[in-house]
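Examining the three-dimensional arrangement
Listed below, chain by chain, are the residues.
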Amino acid sequence: MTVPDDDARPEPMRLGFTALDRQIYDADGRSVGKVDDIELSWDGTAARPVVTALLTGGAALGPRIAGRPGRLWAALLRRLRPDAPEPVRLPIGGVAAFRPAVRLSSPAPAEVWAVEDWLRDHVIGRVPGAGRADDNGR
Amino acid sequence: MRRLLGFTLGFLTAIGGFLDIGDLVANSLVGARFGMSLAWVVPVGVVGVMLFSEMSGRVAAVSGRATFDLVRERMGARAGLVNLLASYVITLLTLAAEIGGVALALELASSVHHLLWVPVVAVLVWVVVWRLPFSWMEQTYGLLGLALVAFAVALWALGPDWGALLSGALHPAPPPGEAWSAWWYYAIAVFGAAMTPYTVLFFSSSGVEEGWTARDLARSRLNVFIGFPLGGLLALAIMGCAAVLFQPAGVRVEHLSQVTLPVAAALGRIGLVVVLVGVFAATFGAALEAALAGGYGVAQYFGWAWGKNRAPASAPRFHAVLLTTLLLATALILTSLDPIAVTEYSIVLSAAALPLTYLPILVVANDRDYLGDRVNSRFTNILATAYLALVLVVSVVTIPLMVYTKAGQ
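Quick summary incoming for the structure in this document. (Residues numbered from 1 in each chain as written. Chains lettered and ligands numbered in written order. Predicted model: local features only at pLDDT ≥ 70, side-chain atom pairs only at ≥ 80, totals over all residues. Heavy atoms only, no water.)

**Digging into the pattern of salt bridges**
Across all of its chains, the model carries 16 salt bridges over all chains by this definition. Its salt-bridge partner being D21 of chain A, residue R64 of chain A comes within 3.0 Å of it at the nearest N-O pair. Of the two residues, R64 of chain A is situated in the loop between α2 (58-61) and α3 (67-80) and D21 of chain A in the loop between α1 (15-18) and β1 (23-25); the sequence distance between them amounts to 43 residues. We note a salt bridge from R74 of chain B to D367 of chain B, for which the minimum N-O separation is 2.4 Å. (Salt bridge = Lys/Arg side-chain N within 4 Å of Asp/Glu carboxyl O. Helix = DSSP H or I, 4+ residues; strand = E, 2+ residues; numbered from the N terminus.)

**Things to note about the packing of aromatic side chains**
Residues and elements named next belong to chain B. With the rule as written, the count across this model stands at 18 aromatic pairs over all chains. Both rings, one in F34 and one in Y186, keep their centres 5.8 Å apart while their planes meet at 45°; by these two values the pair is tilted. Of this pair, F34 sits in helix α2 (residues 21-34) while Y186 sits in helix α9 (residues 180-194), and the two are 152 residues apart along the sequence. Relative accessible area serves as the criterion here: at 2%, F34 is assigned to the buried category. (Phe/Tyr/Trp six-rings, centres within 6.5 Å; stacked < 30°, edge-to-face > 60°. Buried < 20%, exposed > 50% of the residue type's maximum accessible area, 1.4 Å probe, protein only.)

**A short note on the sheet that holds strand β5 (residues 88-91) of chain A**
Residue and element names in this part refer to chain A. Pairing in this open sheet of 3 strands is antiparallel, and the strands run β3-β4-β5 from one edge to the other. Whereas interior strands pair on both sides, the edge strands pair on one side only; in this sheet they are β3 (37-41) and β5. Each neighbouring strand pair of the sheet contributes to a mean axis angle of 35°, computed without reference to strand direction. Relative to strand β4 (residues 50-56), β3 is paired through 5 bridges, and the arrangement is antiparallel. (Pairing = 2+ DSSP bridges. Axes fitted to C-alpha atoms, helices over the stretch in contact; angles between N-to-C directions.)

**Let's talk about the interface of chain B and chain A**
In this assembly, 39 residues from chain B lie in contact with 40 residues from chain A. Across the contact surface, chain B and chain A share 5 salt bridges. Of the charged contacts in the structure, one is a salt bridge between R72 of chain B and D21 of chain A, with a shortest N-O distance of 2.8 Å. Mapped by element, the contributors of at least two residues to the side of chain B that touches chain A are α4 (67-110), α5 (114-131), α6 (134-145), α12 (256-302), α13 (316-334) and α16 (368-371) of chain B. Counting residues per element, the side of chain B that touches chain A draws most heavily on α4 of chain B, which supplies 8 residues. Considering only residue class, the side of chain B that touches chain A consists of 18 nonpolar, 7 polar and 14 charged. (Contact = heavy atoms within 4.5 Å. Nonpolar A, V, L, I, M, F, W, Y, C, P; charged D, E, K, R; others polar.)

**Here we look at unusual backbone geometry**
One non-glycine residue, D21 of chain A, lies in positive phi territory at about 70°. At K406 of chain B, a position not held by glycine, the phi torsion is positive, near 50°. Inspection of the secondary structure assignment puts K406 of chain B in the segment after α17 (378-404). K406 of chain B gets classed as exposed once you look at its relative accessible area, which sits at 63%.

**Regarding helix α7 (residues 150-157) of chain B**
All names here are of chain B. Listed in full, the buried residues belonging to α7 are A150, F151, A154 and L155. Across the axial projection of α7, the buried residues extend over an arc of 140°, all falling on one side. Residues of α7 that are buried make contact with α2, α8 (162-170), α11 (217-245) and α12. At the C-terminal side of α7, G159 shows a positive phi close to 55°. (Arc of directions from axis to C-beta.)

**Here's the deal with the pairing of β5 of chain A**
All names here are of chain A. Burial of the side chains of β5 is restricted to one face: V88 and L90 are buried, whereas none of R89 and P91 on the reverse face is. The pairing of β4 with β5 spans 4 bridges and is classified as antiparallel. From the neighbouring strand, A53 faces β5, where its bridge partner is P91.

**Comments concerning the pairing of strand β2 (residues 31-34) of chain A**
Residues and elements named next belong to chain A. Direction of pairing for β1 relative to β2: antiparallel, over a ladder of 3 bridges. Bridge pairing links I24 to G33 in β2. Linkage of β1 to β2, two consecutive antiparallel strands, is achieved through a turn of 5 residues, within which G29 is found at a positive phi near 80°.

**Considerations on the sheet that holds strand β7 (residues 102-104) of chain A**
Residue and element names in this part refer to chain A. Across the sheet, which stays open at both edges, the 4 strands sit in the order β2-β1-β7-β6 with mixed pairing between neighbours. Taken across any chain shown, the strands that pair with only one partner, and hence form the sheet edges, are β2 and β6 (95-97). On average, adjacent strands in this sheet sit at an angle of 30° to one another, irrespective of strand direction. Examined bridge by bridge, β6 and β7 share 2 bridges and lie antiparallel to one another. Its bridge partner lying in β7, V95 is registered against L104.

Just geometry here; none of it tells us what the structure is for.
What follows is the structure in structure tokens.
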């Protein structure tokens, strides 16, 4: 599998190694998640499929884990979110770097933070002192 | 002068931080039952934990990322998940054991039943994780843990026959009346107690939290290379105390009060107070580390924001996992399981799961992508591979041995 860079093609980019399971940071340096899956599109006319997006979030991870653990994961997720959640798409055009970690050239889309925002607003943020960082004692 | 102070603080913290409820229970129990015949396991475990702590500290300092942050990148989603689940369960069990240990220490000091202390301890652990700055947290409990030196003083004050202790240590075989299988089972317990996975998990993440760079590498190495062996000596002193006092009388260690009894017998009330402070600090510090390790592991696998140094509101998922872990461990201990039994199972099971922690570290520490020319030397790799083989053997034989010996009966 190669990234569509047909004329030059210096060396094949091994997606599984270079992109999959890498940490993603957005333009603000926030931890977005890991590259849980990769979206390939093929319109039938091009010579080969094209990488169009990186997918992240639990809905993308489940199907990738084969066998029993994966089925368990998917079942758990269906229970938690019955409305068949879609994984978060990060279009490939917005990726500034792949290694050593994936960096996006813009802030991540809001749906990435759904769980994080909910937890902040309803649980963690309500505890006194949640907004204060440690000075690390140095 | 400041550097000297910082350095001293570092390795003193490492000594106190090395010991936890697992070391206290395993070494005392083994000393009482098998004398010094299992003393050789302690240095084997100490060298192992030094080796892998140094590697994960190096990965943290050079790449700025915690070892388990990199495990999923290197091993893939599925292997990473299996690894995460196993180490999370072990860490949870360890956390439960440590909370039980703190509660038992408080029971010894106050005569209030330990189950009443458990919720108090859980709240205290959470408050410290929530509020106390990182370096304060490490230094406070590490330094207070030094009170466990009382075990070494007590051993000396008991005036043992040093020659007999030494010859016991040099004759690695079960004493008369004990089976080889039980002897090996407890060898695994002592080994597992010295090499507990959460220590390494915590160590590498704390390096990232404290913002280590390649310049901090020498200091972190010295802390490990001086602090851990001295911690190992204390572990031997605990074993020695039990061997001197309990083995001739045929007493079996089944409660924390028996672990501290040699100190009380040798040094009186003052000694008991000092050693209880040490036990409290060591187990409390380990509870903090284990709770954080649980949160680190999960957050790093999924790529969430994590860290004790940042404001909790900016890492809500990490703090939610941490809180859940703490509640689960507390609930486990509140079922009125015997904390000492939980400790025994946690160290033996962590011995069985050791390859899951140590294989990825070895793989990542050889990756030039992350470490450049700071990858393992050939010597480190040979030694680490030998340990990996050892740990694999241990992991294969642990569960059958546990069943066969009925958990060391």
